[in-house]
Each structure stands twice: as C-alpha cells, then as structure tokens.
Amino acid sequence: MPHNYSLGINTKTSFCIYSSLIIMNRIQAKKRIEKLKAVISYHRYLYHVLDKQEISDEALDSLKHELYKLEQQYPDLLTPDSPTQRVGGEPLKEFKKVEHKTPMLSMEDIFSQEELKDWENYLKRLLPGTSFNYFCEPKIDGFAISLIYKNGVLIQGSTRGDGKIGENVTQNLKTIESIPLKLKLSQDPRLTKEVDIRGEVYMEKKDFEKFNKKRKQLNEQPFANPRNLAAGSIRQLDSKLMASRPLKFLAYDIASDLGQTTHSQGHQILLSLGFKTELGKKCANLQEIQKYWQKVSQKRKNLAFQIDGIVINVENNSFFKKLGTAGKSPRGARAFKFFPEQATTIIEDVKFQIGRTGAITPVALLKPIKIGGTTVSKATLHNEDEIKRLGVKIGDTIIVERAGDVIPAVEKVLPELRDGKEKRIQMPTICPVCKTPLIKPKGEVIWRCPNKNCFAVKRELLEHFASKKGFNIDGLGPKIINKLLEENLIWSPCDFFHLSKGDLSPLERFAEKSDENLIQAIQKSKTIPLSRFIYALGIRFVGEETAIVLAQYFGSLKKIMEANKQELSAVPDVGPRVSNSIFNWFREKDNQKLITDLISAGIRILAPAKISRKLSGKTFVLTGTLNSMTREQTKNKIRFLGGDVPNSISQKTMFLVVGKNPGETKTKKAKKVGIKIIHEKEFLKMIK
Ligand code: IVH
C-alpha cells in the first residue's frame, strides 16, 4: 500500500533522486535530524506562510526525504513536531477565513513506471475485479483556488490554506480575466445551487519574465518563479496591485455534482461553463499513461506555462468516490512528476580541471546522487569568484542542478547544515600538472596555465581535435589519447596522421583489430568540412555554432585566415571578443605551422555548399517562438540567406514572422501598417 506521506513525498522515489543518504550512528543521526527539522521548518514557513522561496521544491523535497529516511531508521527519534508529520501552512490573518465544504486535498507523487504499476495494483486490490480507465492532464505549477458560484454567479473565491480552511480572496480573484464572473449556461437549473470549481492560478512564462525585468529595473526583488508570483499576488491585500499582474486561471475539477459521471465529462462541463481548461487525454492503460507522460515531458519547455508533471485521475467518478481518501490525498489520483532537475548532496572534495585553453576550472566531487534519471558525481564550480559567491566549502551540503544537457552545477550552499568540519577550498597558484605559476589577466575571472606545452592542455586540445564535432575520429577517446601522449607517440594534432599500425600494437590492451580500425578511422577523417576543421583547432570562444557561421560566411580557410578584425566582426553573432580571439590565433607562428603541417599531412578541407541569397533585400521581424528552431537560429538563417532581422518593426519591415505566444504590440503594429504576417509553415517554405 502506498504510504500516506503528509508532505507528499514517497519512499519509493529514493532510487530516482535521493541517494545521498549518509550512514550514521544514532548520535550523529539525532544531530542531523535536529538540523534538518530546523532548516525544513524555516523553508516551509517561508514558502507556505510568507509565499517566499529561497530553495527549490526539489531541493526541499530532497532534504525532507533525508529526514524521513532517518526517522524510519531511528523511529524513536520521530517527534510530533517533525515536518514529516504536518500538512500545509496556517492561513494568513489578514484575510477572512473560509471553510471548504469539500476539502481541498493534496496529491501523492509518483516518479516512475514501477510506482505507476504499484498504484494500479493497489487500486485493483481495493476494488477487485474493476477495470480502470484514466484521465491524464498537465499538472500546472501554480496556486490552487476554489471558486463558488451560486445561481451561476461568482460569490466567493478562496485559497487552499490548510485544505479545510482557506482565505477569502474573492476581490483579488475577480481581477483575473479568465475567471468568469457569471457562468455560461447560468440559467441551467443545475447551477442554482452552489457549484465549487477547482483550478490553478498561474502566470505565463513570458509574462513572468517581463514582470521580473521591470521589478529589477525598479530595484525591487525579483520573484523566484511564476508560482511564487501567483501566490504572492493572490494574497495581496490591495487588489489594484493584483489587477496589474497578468495572472490566468485554469480549471481542472468540479467539486460538486453536476451530473458528470467521468472526469473527462467534468472537463467538458468546465469548458461549457466558460472556463479555460486542458482537455487532457483519456488513457485505457498504463502504457498509454506512460506515453502521454513522455509526450508532455518533451513538450514541457515549449509550453506557455510551467508544469511539473501530469495528473492522473481514475476516469470513472463512482470508482473515484469509492476509493476515497488516504489522509489528505485521494486514492484515485496521482501526480506523475517529471524528472527533477535539482537535489541535495555533499561535496566530498574539489579538484581542478585544466581545459584546452589552459583555463583552470574547480570541480566539486559529490557524493553520487541521482537527478533526472542519471547519477551525478561531479558539478562545476566555474571559477574562483563563483566559489566566493557561493561561500562553498568541502563537506558542505549543497543543491546541485542538472537541467537538460547542461553540465551539473552547484546552485546553492546550505550552511545551516554545517557541523564545523568543513574545509576551505584553496585555489591553486601553480598548475596542478606542469607546476607553471598560474596567471589571471586583468579583468578576467579565470586562472590559466600559460604553458602551451602543459601535458594537460595538450591532452585537452588533442581530445577536442579528435572529438565528434571536430575530426570525429572513431575510437580515439580520452583514454587512448592519454596513452599515446604518455608514450610520446603524439604531441601535435598532426601526429595522429603519421601514426602507423606498428606504433599502436605495442600499447597495452591494443588488439590487432582495434589498431587497424583506429588507423582506418584516422585516414577516413582526413577529408573534413571546413566548419568542423575550424572547430577542431580549439580557438578560444569558437564553438560549433561559430565555426559553422564562419565557414558559411567566408567559404574558405584562406579567407578566414586573412580576415582582419573588422571583417570578422561583421559575421553574424561574432562580437569583438570572438573576432579578437580568432584574429590573434591565426597570427601565432605555432598555429600557422600547425595549419601548414595538417595540409601537408593530407587533410582535405571541403568548402561549404554555396548558400543562396534568396532573402536578399528582405527584412523580417520575429515575434513569439517557432517550433522548429530557436530565435537565434532563425535570425542566423535569415542572415545567411541575405535577409535582415532587426528587433522592431519599421518602414523597411516586409514580413512579421509569428510563432507561439506572439507579442501583442508587434502584431497590432504590423496589422496597422499593412506588413505581411506569416506563420511558421510559410516561413519555412521561404527559407527552404
Ligand atoms: S486535481 C487532490 N489537476 O496540484 C487535488 N490538480 O499536488 C487534486 N494541480 O493541489 C487536484 N494541476 O493545486 C489537479 N490538472 C490538475 C492540476 C492540479 C495542478 C495542483 C493542485 C493540487 C496540487 C497537488
């Protein structure tokens, strides 16, 4: 049977996100429990009572789970005041209190397919012989409210509060345009009695960003996320302030009987009553739920508002009712959360990595922790300034974030959990590999090893050269490069092309077949597109994108080598810092020799395909986001094709390209002055 965690956490999540639990004896556990309780209590107070947030929900969940696990391990240390024994927060005093006739419940979370299966098995045990259908919809990251309508007219709006008693915030909610003051079909006899509508108040991501930008300009503290802003606004005593905030309402449930027999019918009724609602998806089995979860999880970033999972309801309302509640949560519903992007863990040590440009990067070695389905054991601390900003020490409990493909980074330190044994992080003054004194040029934040012949710098450069985005030499990974370097078989990238089978076979673990394969892969890599050749050189600030832009723009290596700073700066997205770096790189004798050597080693550089200038003389303005490419990619594409993309509409503008969530001002202006408005499909045709 699933646990009824009053904090909405579930033991079975442990395999997924929380693995940094520390084995400790009773005395250590007692101390840790006390500290955890104090910290969690502090953050819960901020969040639930004051609508403030200093650490993410995921990080707080991670701490709660550690506490929960410790209390399970030492049940005699569990006290009634533990945050694991409590739900919700007290309503603020300023608003009138409101009693919810039907309680506003919370929901248990699940994080995996296994937990989904466990839940269905549990339902089947409770109602044997029943075959269940489900209704799935996005779980909006907003603020739950209840709206009471009588005779079809809004008479009261309230917050959830502790689930039984909330706050009367009717005046504030009335300012939200998407909340109907009078229901459609208000003459329907079913609407004469009180109807209780449940849903979420939220702010769209783009509005949130705009709002925060303005606050920063006014020197006011920005909000941590759209949910905090929604919550803070609803609890504003001055409803005029609330009215200036573009909040929205999305309905997801009717807590009254309007004759609906299924959850999806409920949504249809909500729609017909004039509410914004997500129509979700009926799922006949767990596979379909999993598919929906995956689909929504992938679309998540492109949605206008924040979501943190999907909500699954048993579709048949009479089964849902029969299943009842366990504690504060309905047994017939679950929140199937997306992978979290943050968790807490401990810094065990810090080491200093040397990059291909000699940059020294402090890297935190972590007690391994699962985030978003993968184990994270290292996180970047970026540089010395970042260490100072975070105030981080070895032994600290930290919040680590891994969002998408981005390198995991230390987000925040929780100094409240220190026990006094933490150690200061000492930045090195000499290169940990070649012992050369490190340098930090004026105005820069990064320490560097200036020795071009430093073993570590060489190794990084060679790895970069052979990597997928560079020469893409199959089988030439970091381990082999290290070995080849150690054996003095390579020193410059050119040396790869002079290796022979005989050089490799004496190396440990090099079977005949694999040395043959590697030599073949090296030979194959000799013909290379210009953009990948430029990337492979390892010029500072020249990543994959810039290399592609340079190749397209100049069309040949010779032209790039001869370009002056001004010419380089004219390339889209190449600023003075990048053009300086490119210009200087090609002026260095060693680098010029490298290029000559590579060419004499037989490297054949392929010029990029001729680009058409079909958009030449055409000016585009963009608004909203396209599905198929980012704004930057769209701009680059237009520029490549000879077009112009200023930020705002002028007399020159010929087309307004409209994506999702377009800005109203641009669209209005374009219509007013008769600019052609085109949508993604048409635009893609033009650039094909
Ligand atoms: S159904 C038992 N549907 O999630 C309450 N809730 O973690 C079930 N939420 O308090 C409500 N989107 O504020 C439901 N589509 C959705 C939702 C949703 C967001 C919130 C709601 C609830 C919380 C539970």
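Residues numbered from 1 in each chain as written. Predicted model: local features only at pLDDT ≥ 70, side-chain atom pairs only at ≥ 80, totals over all residues. Heavy atoms only, no water.

Let's talk about the pattern of salt bridges
In step 1: Following the criterion strictly, the structure yields 29 salt bridges and no others.
In step 2: Of the charged contacts in the structure, one is a salt bridge between Lys124 and Glu120, with a shortest N-O distance of 3.7 Å. Within this pair, Lys124 and its partner Glu120 are both found in helix H3 (residues 113–126), separated by four residues, close to a single helical turn.
In step 3: Taking the relative accessible area as the measure of exposure, Lys124 reaches 38% and is therefore partly exposed.
In step 4: Arg227 serves as the salt-bridge partner of Asp141, at 2.9 Å between the closest nitrogen and oxygen. Of the two residues, Asp141 sits in the loop between strand E3 (134–140) and strand E4 (143–150) while Arg227 sits in helix H6 (residues 226–234), which places them 86 residues apart along the sequence.
In step 5: For Asp141, a relative accessible area of 15% puts it in the buried group.
In step 6: Judged by relative accessible area, which is 9%, Arg227 ranks as buried.
In step 7: Salt bridges sharing common partners tie together Glu204, Lys206, Asp207 and Lys248. (Salt bridge = Lys/Arg side-chain N within 4 Å of Asp/Glu carboxyl O. Helix = DSSP H or I, 4+ residues; strand = E, 2+ residues; numbered from the N terminus. Buried < 20%, exposed > 50% of the residue type's maximum accessible area, 1.4 Å probe, protein only.)

Things to note about the site of the ligand
In step 1: Around the ligand lies a shell formed by Leu105, Ser106, Met107, Glu137, Pro138, Lys139, Ile140, Ala144, Glu200, Tyr252, Val311 and Pro330.
In step 2: In this structure, Glu137 approaches the ligand through a side-chain N or O atom, which is 3.1 Å from a nitrogen atom.
In step 3: Glu200 is positioned with one of its side-chain polar atoms (N or O) 2.7 Å from an oxygen atom of the ligand.
In step 4: Computed on the free molecule, the ligand has an accessible area of 510 Å², of which 87% lies beneath the protein chains in the complex.
In step 5: The element best represented in the shell around the ligand is E3, accounting for four residues.
In step 6: Across the shell around the ligand, the residue classes break down as eight nonpolar, one polar and three charged. (Near = heavy atom within 4 Å. Polar contact = N/O pair within 3.5 Å; in protein donor to acceptor, adjacent residues only side chain to side chain. Areas by Shrake-Rupley, 256 points an atom, 1.4 Å probe, with all protein chains shown as cover. Nonpolar A, V, L, I, M, F, W, Y, C, P; charged D, E, K, R; others polar.)

Focus: the packing of helix H20 (residues 576–587) against helix H21 (residues 589–600)
In step 1: Interhelical geometry of H20 versus H21 gives an angle of 75° and a closest axis separation of 5 Å. Regarding the angle of H20 to H21, the classification is roughly perpendicular. Between H20 and H21, the contacting residues are Trp585, Phe586 and Arg587 on the first element and Lys589, Asn591, Gln592, Leu594 and Ile595 on the second.
In step 2: Residues belonging to the contact of H20 with H21 are distributed by class as follows: four nonpolar, two polar and two charged. (Axes fitted to C-alpha atoms, helices over the stretch in contact; angles between N-to-C directions. Parallel < 35°, antiparallel > 145°, perpendicular 65-115°, else oblique. Contact = heavy atoms within 4.5 Å.)

Description of helix H13 (residues 478–486)
Given 3.6 residues to a turn, an α-helix orients residues that are three or four positions apart in the same direction.
In step 1: Listed as buried for H13 are Ile481, Leu484 and Leu485. The buried side chains of H13 occupy one side of the element, clustering within an arc of 100° when seen end-on.
In step 2: Where H13 is buried, its residues meet helix H12 (455–466) and helix H14 (501–504).
In step 3: Positive phi shows up at Asn488, right after H13, with a value of about 60°. (Arc of directions from axis to C-beta.)

Description of the pairing of strand E16 (residues 374–380)
In step 1: Note: strand E15 (residues 360–371) against E16, six bridges, orientation antiparallel. Looking at the pairing, Leu365 lines up with Lys378 of E16.
In step 2: Count of turn residues in the E15/E16 antiparallel hairpin: two residues, of which Gly372 carries a positive phi of about 55°. (Pairing = 2+ DSSP bridges.)

Some details on the confidence of the model for the protein chain
One rule of thumb: low pLDDT means the predicted coordinates there are not for detailed reading.
In step 1: When pLDDT is averaged across the protein chain, the result is 87; 92% of the residues are at 70 or more.
In step 2: This model gives residues 1–21 a pLDDT under 50, and the stretch forms 74 contacts once residues within four places in sequence are excluded.
In step 3: The low-confidence segment residues 86–92 (pLDDT under 50) makes 18 contacts with residues lying over four places distant or belonging to another chain. (pLDDT = per-residue confidence, 0-100.)

What to know about the sheet that holds strand E7 (residues 195–203)
In step 1: Spatial strand order, E5-E4-E7-E8: four strands in an open sheet with antiparallel pairing. Here the strands that pair on one side only, and so sit at the sheet edges, are strand E5 (153–159) and strand E8 (247–254). The sheet shows a mean angle of 35° between the axes of neighbouring strands, taken without regard to direction.
In step 2: Across seven bridges, the pairing between E7 and E8 is antiparallel. Note on E8: the bridge partner recorded for Gly199 is Ala251.

Description of the sheet that holds E3
In step 1: Spatially, E2-E13-E10-E3-E9 is the arrangement adopted by the five strands of the open sheet, whose pairing is mixed. Strand pairing shows two members of the sheet lacking a second neighbour, strand E2 (109–110) and strand E9 (281–283), which therefore form its edges.
In step 2: Where strand E10 (residues 307–314) lies against strand E13 (residues 333–337), five bridges are found, and the strand directions are antiparallel. Bridging from a neighbouring strand, Gly309 pairs with Lys337 of E13.
In step 3: Sitting on the sheet, H3 is in contact with E2, E3, E10 and E13, with an inclination near 175° to E13.

Focus on the packing of aromatic side chains
In step 1: Scanning all chains against the criterion turns up 18 aromatic pairs.
In step 2: With centroids separated by 5.7 Å and ring planes inclined at 80°, the aromatic side chains of Tyr149 and Phe275 adopt a geometry described as edge-to-face. With Tyr149 in strand E4 and Phe275 in the loop between helix H8 (263–272) and E9, this residue pair connects regions lying 126 residues apart in the sequence. The same class applies to Tyr149 and to Phe275, which are both buried.
In step 3: An angle of 25° between the planes, with centres 6.1 Å apart, marks the rings of Phe465 and Phe496 as stacked. (Phe/Tyr/Trp six-rings, centres within 6.5 Å; stacked < 30°, edge-to-face > 60°.)

Concerning unusual backbone geometry
In step 1: The phi dihedral of His382 falls on the positive side, at around 65°, and the residue is not glycine.
In step 2: Take His382: it is sitting in the loop between E16 and helix H11 (384–390).
In step 3: In this structure, Lys435 is a non-glycine residue whose phi angle is positive, near 65°.
In step 4: The class for Lys435 is exposed, based on a relative accessible area of 51%.

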